[in-house]
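# Structure at a glance
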Amino acid sequence: ALPAMAFRTAFPAGLEYVDGSGAIDAGARTALGCDDIAWIEWSDRNGGILEDDNYVNGIASRPVAPVDGVVVCSFKATFADDAALGKYTMNLIGLDEFCDIDWNIFAEDEIAVVSTPVELVDHICSADKLTFVEAVDADCENDGNVAYYVCECGTKYVDEAMSEILQDVIVPATGHTEGEAVIENETAADCENEGSFDTVVYCSVCGEELSRETTTEEALGHTEGEAVVENNVEADCENAGSYDTVVYCSVCGEELSRETTTVEALGHTEGEVVYENVSDATCTEGGSGDAVVYCTVCGEELSRETTQVPALGHTEGEAVEENRVEATCTEEGSYDTVVYCTVCDAELSRETTTIDALGHTEGEAVEENRVEATCTEEGSYDTVVYCTVCDAELSRETTTIDALGHTEGEAVEENRVEATCTEEGSYDTVVYCTVCDAELSRETTVIPALGHTEAEAVEENRKEADCVNDGSYDMVVYCSVCGEELERETFVIDALGHDYESVVTEPTCTEQGYTTYTCSVCGDTYVADYVDALGHDFPAKEEWVESETEKGWYYGYCKNGCGEAQKELRLVPVEGVELDQDYVETYYVRKAPAFTLTETVLPEDLEKLDYTVTWSSSNEKVATVDEDGNVTTHKRGEAVITVTVEMEDGTTFTDSCAVKVKYTFCQWLIWFFLLGCCWYFV
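Because the structure is a prediction, the values reported are computed rather than measured.

Glancing now at the overall build of the protein. For the protein, the helix and strand inventory stands at one helix and 49 strands. Burial status across the protein gives 25% buried among its 682 residues. Considering only contacts in the protein between residues 6 or more positions apart, those separated by 24 or more positions represent 47%. Roughly 44500 Å² of accessible area belongs to the protein as shown, and the carbon and sulfur atoms make up 48% of that amount.

In structure tokens form, the structure reads like this:
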């Protein structure tokens, strides 16, 4: 069932009802004979819906009345829920309103019904609304599709000419193809563990795993090797020694048996006597020493005997003087007489002697703190006696000096303020003391005001007239002495009027052209005389050029020089090939791939022209490689794996990876075991 969908469309070049005389003021009706149409409505030129005279089930509806004899209409059709997919033909018939007869029959068109509900405004399928969808090959599990063109409304076409609608563009999946069985995950059996391998079948087309069967091999059992000595601990003087005799499996190394043997202790061997911890006797303390015997093998102490030596006693030295403090005028002095031991420096005796104080010695009297007398204040000074040895003050006497009184100087003028045109002036006559500068008298004298003096008139506040506004200026008279304004008169300057100049801006691809008019006097401006935009003029695709920075991208720039461009990504030739590894060391793995090499065809991120990829090995007895880069090892040795990329014109690019195949430890054991068997039986 089809959901209800709305389509707004117009017939090619609009639907025009034309009456040659232009005299018929008639409406127009439509008759739609299609049961799947559930609703029809008309709209006018501006998209407004006409609510009157609309009918259900394809019966007539009325559009707007003609203008100058021409009616341009569109309609909106809502399809029923059960409408079938496909196209519907709409026949529009013009009827004369007065006599209800056909006066003209117009062109037919078809409306496409698609499966997704959309609303298309004024839509008609056309080549400029088509998008090309490339063909995609189906694979084993995924559907592909044929190449087709799809309109923005969802309708699919066989070609750009829209000659045929495609109902089904899907190419079904092909299904898997079984390849030959291969061996994987091979694990060899050992002495204790079973071995196994998987038999796997893959799809030869996509590589998908189709089946897997696991086969188990029985364990081989242990083989005893020669006994070896381990954990050997030598016996010493006091402790017994031991060692283990062990048998291992010669194939897997598993321990099969272990026997421990004990060795008896050896006993000590006495060495010569040595002396230790020897301490000499001092004046107050005795001395001592140890006689010790050790084992010559392990160093163990076997015996120790200690001997004591008595103290020696002190030896008196000559007496010395210490801590001498000299006597001062008021303080006693002192010193110590001390006797020390000449051997250990211990203090044996100390006697302190006192020195009497010396007393003060008077010096000559000196004058201090002298303050000279001023006009109004007394002065003074001190007479002082000090000790000549310690500088202590012994006596102080203060003497007073009488004040001197003021001395008048000559009168001086101060604070003079000159008289102005309107204000009085003044000055002070002052007498000061010539000694202390104290003010003794002050008398103020007043100077009468001078009155104003007119200067010549000057022009101020001049404002020049512009294109639309009057100008003006003031004539002013000031006092030439104090600058006060005495008189002001204002004069008017008439407006000048505009003087426009024109500048033409040419149209561009996307912008209109126009003329800008600007007054040369005041800068007033306005824009007029618009010209339509030119629109882009892109070159044909064969004239497009490849980008210097974006490889594979081609640009067609607008010929008008606006900088806009159309672009598309085109196929580029192969420039090289790189492998993800250039050297591999691996172990021999039976049948299953040991590792995989991955090639990168350059340039990596661009669509490239057709090419083929082939793999080869320089030594297939050591290693082989399949078409997917999976490397299988066959025996120990070296080989070089090479990938080759060939283009259709025969150009080739290669890269290589060196491979070194080694045996595991177990494989080497098996190899030597087999050689030993051959030697033994031959």
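Next comes the rest of the write-up.
Judged by pairing direction, the sheet is antiparallel, and its three strands sit side by side in the order S26-S27-S28 without closing on themselves. With one partner strand each, in any of the chains shown, strand S26 (366-371) and strand S28 (393-401) form the two edges of the open sheet. Taking the axes of each pair of neighbouring strands and ignoring which way they run, one obtains an average angle of 20 degrees across the sheet. Direction of pairing for strand S27 (residues 379-386) relative to S28: antiparallel, over a ladder of eight bridges. Bridge pairing links Val384 to Arg396 in S28.

What follows is about the environment of Thr516. By the secondary structure assignment, Thr516 is in strand S36 (residues 513-519). Through-space distance from the C-alpha of Thr516 to that of Val503 is 5.1 Å; in sequence the pair is 13 residues apart.

Pairing of strand S23 (residues 320-325) with strand S24 (residues 333-340), which is carried by four bridges, proceeds in the antiparallel orientation. In the sheet register, Val320 faces S24, and the bridge partner there is Val338. Sheet topology places S24 next to strand S25 (residues 347-355); eight bridges connect them, and they run antiparallel. By the bridge assignment, Asp336 is partnered in S25 with Thr352. Here S24 folds back onto S25 in antiparallel fashion, the turn holding six residues, of which Asp345 has a positive phi close to 65 degrees.

Another aspect to go through is the nonpolar core. Among soluble globular proteins, nonpolar side chains are generally buried collectively. Among the nonpolar cores identified, the biggest contains 20 residues, and Leu597, Trp615, Val631 and Ile641 are the most heavily contacted of them. For this core, the secondary-structure elements that each account for two or more residues are strand S41 (576-579), strand S46 (623-625), strand S48 (637-647) and strand S49 (652-662). Looking at this core, the element that brings in the most residues is S48, giving five residues. When sequence neighbours within four positions are dropped, the list of residues in contact with Ile641 reads Leu579, Leu597, Trp615, Ser616, Ser617, Val625, Val631, Asp655, Ser656, Cys657 and Val659. Listed in part, the six residues of the second largest apolar core include Leu130, Tyr149, Cys153 and Tyr157.

In this section: the sheet that holds strand S38 (residues 545-546). The strand order across the open sheet formed by three strands is S38-S39-S40, and the pairing between neighbours is antiparallel. The open sheet has two edge strands, S38 and strand S40 (565-569), and neither has a second partner. Judged from the five bridges that link them, strand S39 (residues 553-557) and S40 form a sheet pairing that is antiparallel. Residue pairing in the sheet places Gly556 in a bridge with Gln566 of S40.

So, on to the side chain of Asp382. Turning to its location among the elements, Asp382 is positioned in strand S27. For Asp382, a relative accessible area of 10% puts it in the buried group. Side chain to side chain, Asp382 and Thr398 meet in a polar contact 2.7 Å long. Those residues in contact with Asp382 that lie beyond four places of it in its chain are Val366, Glu367, Glu368, Asn369, Arg396, Glu397 and Thr398.

Here we come to the state of the cysteines. Evaluated as defined, the whole model comprises zero disulfides. Summary of cysteine pairing: Cys237 is not part of a disulfide, and the nearest cysteine sulfur, belonging to Cys298, is at 3.6 Å. Classification of Cys237 by relative accessible area gives buried; the value is 6%. By relative accessible area, Cys298 is classed as partly exposed at 40%.

The residue after Leu602, namely Pro603, is reached through a cis peptide bond having omega -5 degrees. Mapped onto the secondary structure, Pro603 falls in the loop between strand S44 (599-602) and strand S45 (611-617). Residue Asp391 is not a glycine yet carries a positive backbone phi of 65 degrees. Tracing the backbone shows Asp391 in the loop between S27 and S28. Backbone geometry places Asp529, a non-glycine residue, at a positive phi of 55 degrees. Residue placement: Asp529 occurs in strand S37 (residues 525-531).

Taken together, the side chains of Asp137, Asp139, Glu141, Asp143 and Glu208 make up a negatively charged region of the molecular surface. Here Asp137 lies in the loop between strand S9 (130-133) and strand S10 (144-145). Under the relative-accessibility criterion, Asp137 is labelled exposed at 71%.

Attention now goes to a nonpolar patch on the surface. Together, Val273, Tyr275 and Val278 make up a nonpolar patch on the protein surface, roughly 360 Å² of accessible area in all. Checked against the element boundaries, Val278 lands in strand S20 (residues 274-279). Assessed through its relative accessible area of 60%, Val278 is described here as exposed.

The next subject is the packing of aromatic side chains. Describing an aromatic ring pair means giving the distance of the ring centres and the angle of the ring planes. Under the definition given, this model contains six aromatic pairs. When the ring of Phe132 is compared with that of Tyr149, the centres are 5.1 Å apart and the planes differ by 55 degrees; the resulting orientation is tilted. On the criterion of sequence distance, the pair formed by Phe132 in strand S9 and Tyr149 in strand S11 (residues 148-151) is long-range, its members being 17 residues apart. For Tyr149, a relative accessible area of 19% gives the class buried. Among the aromatic side chains, those forming a connected cluster through ring pairs are Tyr500, Tyr517 and Tyr526.

On inspection of all chains with the given rule, the structure shows 30 salt bridges. Between Asp336 and Arg350 there is a salt bridge, with its nearest N and O atoms 3.1 Å apart. Of this pair, Asp336 sits in strand S24 while Arg350 sits in strand S25, and the two are 14 residues apart along the sequence. By relative accessible area, Asp336 is classed as buried at 10%. The partly exposed category is assigned to Arg350, whose relative accessible area is 36%. Overlapping salt bridges, with partners in common, bring together Glu184, Asp198, Glu209 and Arg212 in one network.

Attention now moves to the environment of Leu348. Note on placement: Leu348 falls in strand S25. Once the C-alpha coordinates of Leu348 and Val338 are considered, the two residues, ten residues apart in sequence, prove to be 7.7 Å apart. Setting aside residues up to four positions removed in sequence, Leu348 forms contacts with His314, Glu316, Val339, Tyr340 and Cys341.

The share of residues in the protein with pLDDT of 70 or more is 81%, and the mean pLDDT across the chain is 77. With pLDDT under 50 throughout, residues 1-122 is counted as low confidence; its partners more than four residues away or in other chains account for 244 contacts.

Definitions and cut-offs
- Residue positions are given per chain, counted from 1 along the sequence in the order it is written.
- Only residues with pLDDT of at least 70 get local features here, since the model is predicted, and only at 80 or more are side-chain atom pairs given and counted; chain-wide, interface and lining totals rely on the full set of residues.
- Hydrogen atoms and water are omitted, and side-chain values are computed over all heavy atoms in the structure.
- Only DSSP runs of H or I reaching four residues or more are called helices, and only runs of E reaching two or more are called strands; each is numbered from the N terminus.
- Accessibility here uses a 1.4 Å probe with only protein chains present; expressed as a share of the type maximum, an area under 20% marks a residue as buried, one over 50% as exposed, and anything in between as partly exposed.
- Working rule for contacts: check all heavy atoms of both residues, and any pair within 4.5 Å makes them a contact.
- Residue-level accessible areas treat just the shown protein chains as cover; the underlying method is Shrake-Rupley with a 1.4 Å probe.
- In this scheme, strands are said to pair when DSSP sees at least two bridges between them.
- Axis lines are fitted to C-alpha atoms, over the contacting stretch for helices. Their N-to-C directions set the angle, which ranges from 0 to 180 degrees.
- Residues enter a nonpolar core if they are buried and are Ala, Val, Leu, Ile, Met, Phe, Trp, Tyr or Cys, with the set joined through side-chain atoms within 4.5 Å.
- Two N or O atoms form a polar contact when they lie within 3.5 Å of each other; inside protein one atom must be a possible hydrogen donor and the other a possible acceptor, and for residues adjacent in sequence the pair counts only when both atoms belong to side chains.
- By convention in this document, the label disulfide applies to cysteine sulfur atom pairs within 2.5 Å.
- Patch membership is restricted to residues that have no salt bridge and whose relative accessible area is over 30%. Joining uses 9 Å for like charges and 5 Å for the nonpolar side chains Val, Leu, Ile, Met, Phe, Trp and Tyr.
- Whenever a carboxyl oxygen of Asp or Glu lies within 4 Å of a side-chain nitrogen of Lys or Arg, that contact is scored as a salt bridge.
- For this count, His and the chain ends are skipped, Lys and Arg are scored as positive, and Asp and Glu as negative.
- We put the charge of a Lys on NZ, of an Arg on CZ, of an Asp on CG and of a Glu on CD.
- A pair of aromatic rings is counted whenever rings of Phe, Tyr or Trp (Trp by its six-membered ring) have centres within 6.5 Å, and the orientation is called stacked for planes under 30 degrees apart, edge-to-face for over 60 and tilted otherwise.
- Confidence scores here are pLDDT values: one per residue, from the predictor, ranging 0 to 100.

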